[in-house]
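# Survey of secondary and tertiary structure
In case you want the letters, here they are:
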Amino acid sequence: MRRIAGAPRHRGSGRPLRDSGDIASHPNQLRAQPGAPDRDRGIDTMRGIAILMVIGIHSLQQPLGATWQTVTDAALRPCVPIFLFASGYLTGLSGRVPLGRRLKAALIPYAIAFVAACIYMALHNAAMDLRLTTTIARFLLAYVFVYYYVFVYVGCTVCLWLIFRMSGTGSPQSEQKCGILLILLIVFGLIVGSYLDPLLSRRGLSESLIEEIRMRDIPFWLTFAGLGVLAASSGMVSALREMRLAMVMGTLVAYIIYAAVRLFGLGDAADYDSIAFFGYAAMFCAALFALDIQLPFLAALGSGSYFIYLWHIFVVMILRDHMALRQFGPLVDTAITYAVTSAIVILALLSVRRFSPPRFARWLGA
């Protein structure tokens, strides 16, 4: 594997690209303004699409009942892989993992949102276990609301840091070693994803607990970050762009397979960490990357996607807990929840960036 020589650069331009694979950075660097030298608008657009997909998943009325709900949910599931792919791609371009900076950017906003989430849950559930040990366990495992991605992101970031440390930097041999390690880890991640469920089932664990464990299957999620790193290798971007049509068609076929597996319960029909999901999500990431869509509005959302991820769920929960939307049926419920949540959280992002001090905006993930 050979990374782009010299300073990392934007795809399709000669401007240098600073490593921005962390979840959040300085708010002034997250506005996706024309001419901003340290953002890749294509990558930010990918993140913008992904965060809208996240809101879509959480807006669906639960449990999923109608066929259209399952099909829609299946279509939106590559959102987390997109974030990991983007992070891996930027890591591959920079050739390093600034571990301390990324962990700080991820954990401070998460800690604030975690406290707010615990307060919300305690107000709505008088029987909630508020013991210190339980709360610490919740925080470490990101076992509150939908914050499991923080656990996944931190785990994948640490793994990438270890991979780059093991392979070394600055020589063709180290880059080849890194590529080999990533390929082996992708294979390992698929093996873990295939056999984790039956292993846990044989141990007698409940379905709900198995689902929580599978959602935090670091080896499986690392496969998408690894694909992103490999995509940053020399010549890979131009090759993918030349195969845009084939990638889009392949993604469509992979989606049909994944949706059919879930609809008909064929084999491992889990939402995540199944072979069918990997095939669809990997193809989706590669196709979206190859298309290189660059839309300023989506890029602006993508640059603030961590803020949206952390705080949109509060709007969803308030609507579910205090608004009787279920009476209108799943379609209307989903449409209203998605529209209201998107509007409020986007306005909140714009307001935080416009009126709050930079440090406060960073603490909130904006």
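This text gives an overview of the structure that appears in the document. (Residues numbered from 1 in each chain as written. Predicted model: local features only at pLDDT ≥ 70, side-chain atom pairs only at ≥ 80, totals over all residues. Heavy atoms only, no water.)

## Digging into unusual backbone geometry
Here the residue pair Gln62 and Pro63 is connected by a cis peptide bond, since its omega of -5 degrees sits within 30 degrees of zero. With respect to the helices and strands, Pro63 occurs in the loop between helix H1 (41-59) and helix H2 (67-76). Not every positive phi belongs to a glycine, and Phe145 is a case in point at roughly 50 degrees. When you line up the elements, Phe145 lands in the loop between helix H5 (132-141) and helix H6 (148-167). On the basis of relative accessibility, which here comes to 23%, the residue Phe145 falls in the partly exposed class. A positive phi is found at Asp292, a non-glycine position, where the angle reads about 50 degrees. Summarising the element assignment, Asp292 is placed in the loop between helix H12 (275-291) and helix H13 (296-303). (Helix = DSSP H or I, 4+ residues; strand = E, 2+ residues; numbered from the N terminus. Buried < 20%, exposed > 50% of the residue type's maximum accessible area, 1.4 Å probe, protein only.)

## Some details on the packing of H13 against helix H15 (residues 330-355)
Orientation of H13 relative to H15, taken along the N-to-C sense of each, is 75 degrees, at an axis distance of 11 Å. One way to sum up the angle between H13 and H15 is to call them roughly perpendicular. Only Ile346, Leu349 and Arg353 of H15 make contact with H13, whose side of the interface consists of Phe297, Ala300, Leu301 and Ser303. Broken down by class, the residue content of the contact of H13 with H15 amounts to five nonpolar, one polar and one charged. (Axes fitted to C-alpha atoms, helices over the stretch in contact; angles between N-to-C directions. Parallel < 35°, antiparallel > 145°, perpendicular 65-115°, else oblique. Contact = heavy atoms within 4.5 Å. Nonpolar A, V, L, I, M, F, W, Y, C, P; charged D, E, K, R; others polar.)

## Thoughts on the packing of aromatic side chains
Within this structure, the stated rule accounts for 31 aromatic pairs. Their ring planes at 40 degrees and their centres at 5.5 Å tell us that Phe224 and Phe278 sit as a pair that is tilted. With Phe224 in helix H9 (residues 218-231) and Phe278 in helix H12, this pair connects stretches of sequence that are 54 residues apart. One exposure class covers both Phe224 and Phe278, and it is buried. (Phe/Tyr/Trp six-rings, centres within 6.5 Å; stacked < 30°, edge-to-face > 60°.)

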